[in-house]
Amino acid sequence: MKGLSMRESQPKRILTKASGFLAGYSHTLNPYVGCSFACSYCYVRQMPVQLFQEEEWGNWVTIKRDIASLLEKEIRRAKNHGPVTIFMSSSTDPYQPIEHRERVTRSLLEAMVREQPDFLFIQTRGALVTRDMDLLKRLGNRVRVSMTIETDSDAIRKQFAPQAPPIQGRVKALQCLKENGIPIQATVAPLLPSSKAFPEMLADVVDRVCIDDFFMGDGSGGKRTEKLKMASLYTELGLEKWYERDAIWKVKRRFLKYFSENQLFISKEGFLP
């Protein structure tokens, strides 16, 4: 992790009340602050957590220390007020490279095996998630792993998210999770340019797909994405049509050749418990 600025914090609370796009959950959970995958389109770049930083998004990560026991206690308390449904993670990736060494996400899963939430949704693009299959199995149907696969083209991935893991590695991770009986879905979010073969590739691995775009999925109707100048990048690459608001519906029609309506979810509905 050469060149990555690493910091530490010891938060007094680890669960955050869910709201807005994730209002279907009781809480969100973020093992880290910041994300070294540094995807160009990440809406968190336009949130206060980054806007007040001197360093560029992707160049820094804050490690949250001693939070596993804290999580257990908070889940136990939260159960007194109703079902505990957790989205991990809303503003970082729980399986970014630093997790190999720090194992913060794994410690949180160990805590949730001991004090189980009603449901845990894990959103990641890191194949490292397969390391924790032993814990995921113990959560049974209380967990779903949602793997971000924005495109089937690694050339496109390199244009938009060069530091993110290769597409085929993510697909293999999903296949591995599936073979081990862990509930999964592929999340095409944000929708990037892809080939007509994309739906067939995913149909061989998953039976549940969520598709989202910049306009519905960035939490601001596309305004955060506009500030990131994504339209300019699409124009530069000659891919303007993929940035139009109706692109998602064209892609959905492609997916309907391989998935039924009840296997396909659009934007927010695909992230709900």
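Residues numbered from 1 in each chain as written. Predicted model: local features only at pLDDT ≥ 70, side-chain atom pairs only at ≥ 80, totals over all residues. Heavy atoms only, no water.

Asker: How should I be thinking about the overall build of the protein chain in this particular structure?
Answerer: A count of helical and extended segments in the protein chain gives 12 helices and 11 strands. If you line up the protein chain on its principal axes, its C-alpha atoms span 50 × 45 × 35 Å. Evaluated residue by residue, the protein chain yields a buried proportion of 55% over its 273 residues. Relative to all contacts within the protein chain whose residues are 6 or more apart in sequence, the contacts with residues 24 or more apart total 74%. Total accessible area computed for the protein chain in this model is approximately 12,500 Å², and 49% of it derives from carbon and sulfur atoms. For the protein chain, the centre of its 41 positive side-chain charges and the centre of its 32 negative side-chain charges are spaced 3 Å apart. (Helix = DSSP H or I, 4+ residues; strand = E, 2+ residues; numbered from the N terminus. Buried < 20%, exposed > 50% of the residue type's maximum accessible area, 1.4 Å probe, protein only. Contact = heavy atoms within 4.5 Å. Areas by Shrake-Rupley, 256 points an atom, 1.4 Å probe, with all protein chains shown as cover. Lys, Arg positive; Asp, Glu negative; His and termini not counted. Charge placed at Lys NZ, Arg CZ, Asp CG, Glu CD.)

Asker: What is the right way to read the sheet that holds strand β4 (residues 32-33) from this model?
Answerer: Two pairing modes exist for strands in a sheet, parallel and antiparallel, and in both the strands are linked by backbone hydrogen bonds. Taken in spatial order, the 3 strands of this open sheet run β1-β5-β4, and their pairing is mixed. The open sheet has two edge strands with one neighbour each: β1 (5-9) and β4. (Pairing = 2+ DSSP bridges.)

Asker: Sorry if this is basic, but what is going on with empty space enclosed by the protein here?
Answerer: A probe matching the size of a water molecule, rolled over the atoms, marks out where space remains unfilled. Overall, the coordinates contain 1 cavity of 30 Å³ or more when judged by the stated rule. Roughly 50 Å³ of internal volume is contained in the largest cavity. Lining the largest cavity are L191, D213, F214, F215, Y234, W242, Y243, E244, A247 and I248. Contributing elements (two or more residues each) for the lining of the largest cavity: α9 (214-217) and α12 (247-255). Grouping the amino acids of the lining of the largest cavity by side-chain chemistry returns 8 nonpolar, no polar and 2 charged. (1 Å grid on protein atoms, 1.4 Å probe; cavity = no way out; pocket = protein on both sides within 12 Å on 5 of 7 lines; lining within 4 Å. Points joined across faces, edges and corners; volume = space filled by probe spheres on them. Nonpolar A, V, L, I, M, F, W, Y, C, P; charged D, E, K, R; others polar.)

Asker: Looking at this model, I keep getting lost on the layout of surface pockets. Mind explaining?
Answerer: Of the voids in this model, the largest pocket is the one considered here, and its volume is about 1,000 Å³. Among the elements of the structure, β2 (15-17), β4, β7 (119-124), α9 and α10 (223-227) are those that each provide at least two residues to the lining of the largest pocket. Across the lining of the largest pocket, the residue classes break down as 21 nonpolar, 16 polar and 8 charged. Roughly 150 Å³ of volume is contained in the second largest pocket. Lining the second largest pocket, in full, are R13, L15, K17, S26, H27, E74, R77, A78, H81, G82 and P83. Of all the elements in the fold, those that place two or more residues in the lining of the second largest pocket are β2 and α2 (68-78). It is α2 that provides the largest number of residues to the lining of the second largest pocket, a total of 3 residues.

Asker: What is the right way to look at the sheet that holds strand β9 (residues 184-188) in this model?
Answerer: Sheet architecture is open: 8 strands sit in the order β2-β3-β6-β7-β8-β9-β10-β11, paired in mixed fashion. Single-partner strands in this sheet number two, and they are β2 and β11 (264-266). Across the sheet, the mean angle separating the axes of adjacent strands is 25 degrees when strand polarity is ignored. The sheet contact formed by strand β10 (residues 209-211) and β11 spans 3 bridges and is parallel. Bridge assignment links V209 to a residue of β11, and that residue is L264. (Axes fitted to C-alpha atoms, helices over the stretch in contact; angles between N-to-C directions.)

Asker: For this particular structure, what's the right way to read the environment of L109?
Answerer: By secondary structure assignment, the location of L109 is in helix α4 (residues 104-114). Along the backbone, L109 and A68 are 41 residues apart, and their C-alpha atoms lie at a distance of 8.3 Å. Leaving out residues up to four positions away in the same chain, L109 has contacts with M88, Y95, L120, I122, D132, L135, L136 and L139.

Asker: Can you walk me through the pairing of β9 in this structure?
Answerer: Across a regular strand the side chains alternate sides, sitting on one face of the sheet and then on the other. Burial within β9 is extensive, with 5 of its 5 residues counted as buried. Where burial is concerned, the two faces of β9 agree: the one with I184, A186 and V188 and the one with Q185 and T187 are both buried. Inspection of the sheet shows β9 paired to β10 by 3 bridges, in the parallel sense. From the neighbouring strand, V188 faces β10, where its bridge partner is I211.

Asker: What's the story with a positive patch on the surface in this structure? I'm lost.
Answerer: Taken together, the side chains of R13, K17, K73 and R77 make up a positively charged region of the molecular surface. One can find R77 in helix α2. Judged by relative accessible area, which is 44%, R77 ranks as partly exposed. (Patch = residues over 30% accessible without salt bridge, like charges linked within 9 Å, V, L, I, M, F, W, Y side chains within 5 Å. Salt bridge = Lys/Arg side-chain N within 4 Å of Asp/Glu carboxyl O.)

Asker: I would appreciate a short explanation of the packing of aromatic side chains in the present structure.
Answerer: The geometry of an aromatic ring pair comes down to the distance between the two centres and the angle between the two planes. According to the stated counting rule, one finds 15 aromatic pairs in the structure shown. Where Y234 meets Y243, the ring centres are 5.2 Å apart and the plane angle is 45 degrees; that geometry is what we call tilted. One exposure class covers both Y234 and Y243, and it is buried. Through a chain of ring-to-ring contacts, three or more aromatic side chains come together here, namely Y41, F160, F214, F215, Y234 and Y243. (Phe/Tyr/Trp six-rings, centres within 6.5 Å; stacked < 30°, edge-to-face > 60°.)

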